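Geometric and topological summary
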Amino acid sequence: MIKINARRFGKPDESGKERKKKRNALCGVAVFLAIAVLVAAVASIGVETAIRHRVVTGQEETWAASVASYWGGIIGGIVSGVLSFLGVFYTIRYYKESDAQKERAAVQPFLLVEVGDDSIPEQTRGFELGSVSDDKEKTKIINVSIKNIGNGFAKTLVIHTGYNLGGLAFSKVIPVGNCAYTSLVANKDKLKDGLSFGLQYIDSMTNEYIQEYTITAKNGSDSVDIESGYPQLLE
């Protein structure tokens, strides 16, 4: 039997194991609450049975009233205990997720894509945004700069151009304040309506993001605008 160990970004890929841990944790909480309620109910029935055997004949009315009060206190205590437990559980979970978000924000990159100027070196490799015409008059090559204006370095993985499902390999490490360069090849007619592409990258904590961009031709001009979206965390 062959055993395959998957690795991602130099670390074992344990995404399935993490999801399983979360499910197990929630199941553990549910089982614990169920057992606690069951134990409380059994103990209460045992106490009630023991008291019932000691009730003197003629005191049944007093006993009925006391039992109603007795079970009301038990049920109320169980409900309040369960609610308190759930409140503490979700409070801890909320602060844990909040701390994780703060840690991500401290190192999160932001890749700003802009149309390149004359100072950008000529690119030998370009990425086609969808289908491109063979007619050079209808094709536009756009040199772009990808500047990291975030809080930590970004390692780009792929560019999503709509040409294939998994994206096209684009491996660059972009420190804060630095740029990477590439070019985009597009059909001029389709640029009028706007074309979208995306960059997928990771930060220093191997959190993975995708950031989307829209490139549109200006009215009555041969130049284009690029609108940058915000990074979206990929779970």
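Before any of the text, the structure's been laid out above.
Residues numbered from 1 in each chain as written. Predicted model: local features only at pLDDT ≥ 70, side-chain atom pairs only at ≥ 80, totals over all residues. Heavy atoms only, no water.

**Section: the packing of aromatic side chains**
When we look at a pair of aromatic rings, we describe it by the centre distance and by the angle of the planes. The criterion, for reference: Any two rings among Phe, Tyr and Trp, with Trp reduced to its six-membered ring, count as a pair given centres within 6.5 Å; such a pair is stacked if its planes are under 30 degrees apart, edge-to-face if over 60, and tilted if neither. The way it works is that DSSP assigns letters per residue, a run of H or I at least four long becomes a helix, a run of E at least two long becomes a strand, and they are numbered from the N terminus. For every residue, the accessible area (1.4 Å probe, protein chains only) is compared with the maximum for its type, and the residue is labelled buried under 20%, exposed over 50%, or partly exposed between those bounds.
What the rule picks out here adds up to six aromatic pairs. Consider the rings of Phe 110 and Tyr 230, whose centres lie 5.8 Å apart with planes at 70°: the pair is edge-to-face. A residue pair is termed long-range when its members are at least 10 positions apart, and Phe 110 in the loop between α2 (60-107) and β3 (111-115) and Tyr 230 in the loop between β11 (224-228) and β12 (232-234) qualify at 120 residues. Phe 110 sits in the buried class, given a relative accessible area of 18%. Classification of Tyr 230 as exposed rests on a relative accessible area of 63%.

**Brief notes about the pairing of strand β9 (residues 195-202)**
Put simply, the test is: Note on pairing: DSSP must find at least two bridges between two strands before they are called paired.
Here β9 lies mainly inside the structure; seven of its eight residues are buried. Sheet topology places β9 next to strand β10 (residues 208-217); eight bridges connect them, and they run antiparallel. Paired with Gly 198 across the bridge in β10 is Glu 212. Count of turn residues in the β9/β10 antiparallel hairpin: five residues, of which Thr 206 carries a positive phi of about 60°.

**Some remarks on the nonpolar core**
Note the following rule: To form a nonpolar core, buried Ala, Val, Leu, Ile, Met, Phe, Trp, Tyr and Cys residues must be joined to one another through side-chain atoms within 4.5 Å. Contact between two residues is taken to exist if any of their heavy atoms lie within 4.5 Å; hydrogens are not considered.
Of all hydrophobic cores here, the largest spans 25 residues; its most connected members are Leu 111, Val 113, Leu 191, Phe 197, Leu 199 and Ile 215. Elements with a minimum of two residues in this core: β3, β5 (139-148), β6 (154-160), β7 (168-174), β8 (179-187), β9, β10 and β11. If near-sequence neighbours (up to four positions away) are discounted, Val 113 is found in contact with Val 144, Ser 145, Ile 146, Phe 197, Leu 199, Tyr 213, Ile 226 and Ser 228.

**Comments concerning the pattern of salt bridges**
Keep this limit in mind: Any carboxyl oxygen of Asp or Glu that lies within 4 Å of a side-chain nitrogen of Lys or Arg is treated as forming a salt bridge with it.
A complete count under the given rule lists two salt bridges for this structure. In this structure, Arg 93 and Glu 97 form a salt bridge, with 3.6 Å as the shortest nitrogen-oxygen distance. Highlighted residues: Arg 93 and Glu 97, both in helix α2, separated by four residues, approximately one helical turn. Arg 93 sits in the partly exposed class, given a relative accessible area of 35%. We classify Glu 97 as partly exposed; its relative accessible area is 42%. Among the ionic pairs, Asp 225 bridges to Lys 218, the shortest N-O distance being 3.7 Å. Overall, the relative accessible area of 38% leaves Lys 218 in the partly exposed class.

**What about the environment of Val 113?**
Looking at where Val 113 falls in the secondary structure, it is placed in strand β3. In this structure Val 113 comes out as buried when scored by relative accessible area, which is 2%. Along the chain, Val 113 and Gly 229 lie 116 residues apart, while their C-alpha atoms are 9.9 Å from each other.

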